[in-house]
Amino acid sequence: MNSAHFEVRSDDLTMSADVVEWDSLVYGIPVSQIGVFRVGNARQAAAEYQAFEKWIYEEKIGIVSCRLAHDRLIESMFLEARGFRFVEMVLHPTLEVLQERDFGSAGLNVERATSADIAVLQNIAATAFGFERFHVDPRLDRRLADERYGRWVVSSLGHPKQDLYKIQDGQRLVGFFLIEIGSDSSAYWHLTAIAPDWQGQGYGRRVWTAMLAHCKSLGCGSVLTTISARNTPVLNLYSQLQFRFKPPEMTFHWIRGFE
């Protein structure tokens, strides 16, 4: 077994986990993400789960996260009995048949970001977020969550699949979108943000509409993204833009010292 990867598969417990190097650098401790997680017989699964506990002890992992479909209650209770804590519910807004929709003109410019923009965009990313799991978990340092998003934007310029776009109102840089276009011409919005200085000034609907029109111009057939259910301003925005919502998911964290 690769020390950065854990896996067990049986009728009672199927799970995999990997060390997330990116988050590990930010938090200064090994951080792991559980991928597949299925529990059959909970009593038997408990014995097999001890191998995972041994792995995180040997690898000195300090944070483990797991995201489950909203109806996986057996799995969520299993994790909570072993020190995991619920931190958020996420929703997946989606808009289909993009090519058949008319978004009009938002009066904003959407362009690929360049290295000349990166300092400004990094600062926006490090100050614009506050609703998601790394910010709201009271056991984690919010400043490191800010750094995480700032680093993500910086690294995106050289990413082979993700594209960073800036949205401008004249010379005013009001926000950015980090997107990924799949082989099926669907667009996934990884990060979406309006600069804190321009929040609350009517840019939300205009920026999102401009980005939808841009994705349409790229030939995309649909858009999908993920938001925290506690982010009600953005949730209302997606509803106004006629997005539909796929089934939600629950996010759990295990943090060493808080078992």
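Here the structure is shown first, and the text comes after it.
Overview of the structure. (Residues numbered from 1 in each chain as written. Predicted model: local features only at pLDDT ≥ 70, side-chain atom pairs only at ≥ 80, totals over all residues. Heavy atoms only, no water.)

Here we take up the packing of aromatic side chains. Applying the stated criterion to the full structure yields 15 aromatic pairs. Ring centres of Tyr149 and Trp152 lie 6.1 Å apart, and the angle between their planes is 25 degrees; this geometry places the pair in the stacked category. Taken together, the positions of Tyr149 and Trp152, both in helix H6 (residues 142-156) and 3 residues apart, correspond to about one turn of that helix. Judged by relative accessible area, Tyr149 falls into the buried class, the value being 7%. Taken together, the ring pairs in this structure connect Phe6, Phe37, Tyr49, Phe52, Trp55 and Phe78 into an aromatic cluster. The ring of Tyr49 is capped by Arg82, whose NZ or CZ atom sits 5.8 Å from the centre of that ring. Positioned above the aromatic ring of Tyr149, the side-chain terminus of Arg148 is 5.3 Å from the ring centre. (Phe/Tyr/Trp six-rings, centres within 6.5 Å; stacked < 30°, edge-to-face > 60°. Helix = DSSP H or I, 4+ residues; strand = E, 2+ residues; numbered from the N terminus. Buried < 20%, exposed > 50% of the residue type's maximum accessible area, 1.4 Å probe, protein only. Lys NZ or Arg CZ within 6 Å of the ring centre and 35° of its normal.)

Before going further, it helps to spend a moment on the layout of surface pockets. Counted as a void, the largest pocket has a volume near 1,300 Å³. Lining the largest pocket we find 46 residues, and of these Glu132, Tyr149, His190, Leu191 and Thr226 sit closest to its centre. It is strand S9 (residues 186-194) that contributes the most residues to the lining of the largest pocket, 7 residues altogether. Residue composition of the lining of the largest pocket, grouped by class: 22 nonpolar, 17 polar and 7 charged. (1 Å grid on protein atoms, 1.4 Å probe; cavity = no way out; pocket = protein on both sides within 12 Å on 5 of 7 lines; lining within 4 Å. Points joined across faces, edges and corners; volume = space filled by probe spheres on them. Nonpolar A, V, L, I, M, F, W, Y, C, P; charged D, E, K, R; others polar.)

Looking now at H6. Between its terminal C-alpha atoms H6 stretches 22 Å, which fits the 21 Å expected from 15 residues at 1.5 Å a residue. Three or more residues of H6 are buried, namely Ala145, Arg148, Tyr149, Gly150, Val153 and Ser156. Where H6 is buried, its residues touch helix H1 (21-27), helix H4 (118-128), helix H5 (133-136), strand S7 (162-169), strand S8 (172-181) and S9. Backbone nitrogen of Arg143 and a side-chain oxygen of the N-cap are separated by 2.8 Å at the start of H6; the cap is Asp141. (Expected span 1.5 Å × (residues − 1). Contact = heavy atoms within 4.5 Å. Polar contact = N/O pair within 3.5 Å; in protein donor to acceptor, adjacent residues only side chain to side chain.)

As a further point, take the nonpolar core. Core analysis: the largest hydrophobic core is formed by 30 residues, its most contacted members being Trp189, Val207, Trp208, Leu212 and Cys215. Taken together, the elements giving at least two residues each to this core come down to strand S5 (85-95), S7, S8, S9, helix H7 (203-217) and helix H8 (232-240). The biggest single contributor to this core is H7, with 7 residues. The residues touching Trp208, leaving out its near neighbours within four places in the chain, are Phe177, Trp189, Thr192, Ala193, Ile194, Leu237, Tyr238 and Leu241. (Core = buried A, V, L, I, M, F, W, Y, C linked by side-chain atoms within 4.5 Å.)

Moving on, we get to helix H2 (residues 42-58). Compared with an ideal rise of 1.5 Å per residue, which puts 17 residues at 24 Å, H2 spans 24 Å between its outermost C-alpha atoms and is within 8% of the ideal. Residues of H2 that are buried include every one of Ala45, Tyr49, Phe52, Trp55 and Ile56, and no others. Buried residues in H2 make contact with strand S1 (5-9), strand S2 (13-19), strand S3 (31-39), strand S4 (63-69), helix H3 (73-80) and strand S12 (244-255). Its side-chain oxygen 3.0 Å from the backbone nitrogen of Arg43, Asn41 forms the N-cap of H2. The first or second residue beyond H2 is Lys60, which carries a positive phi of 55 degrees.

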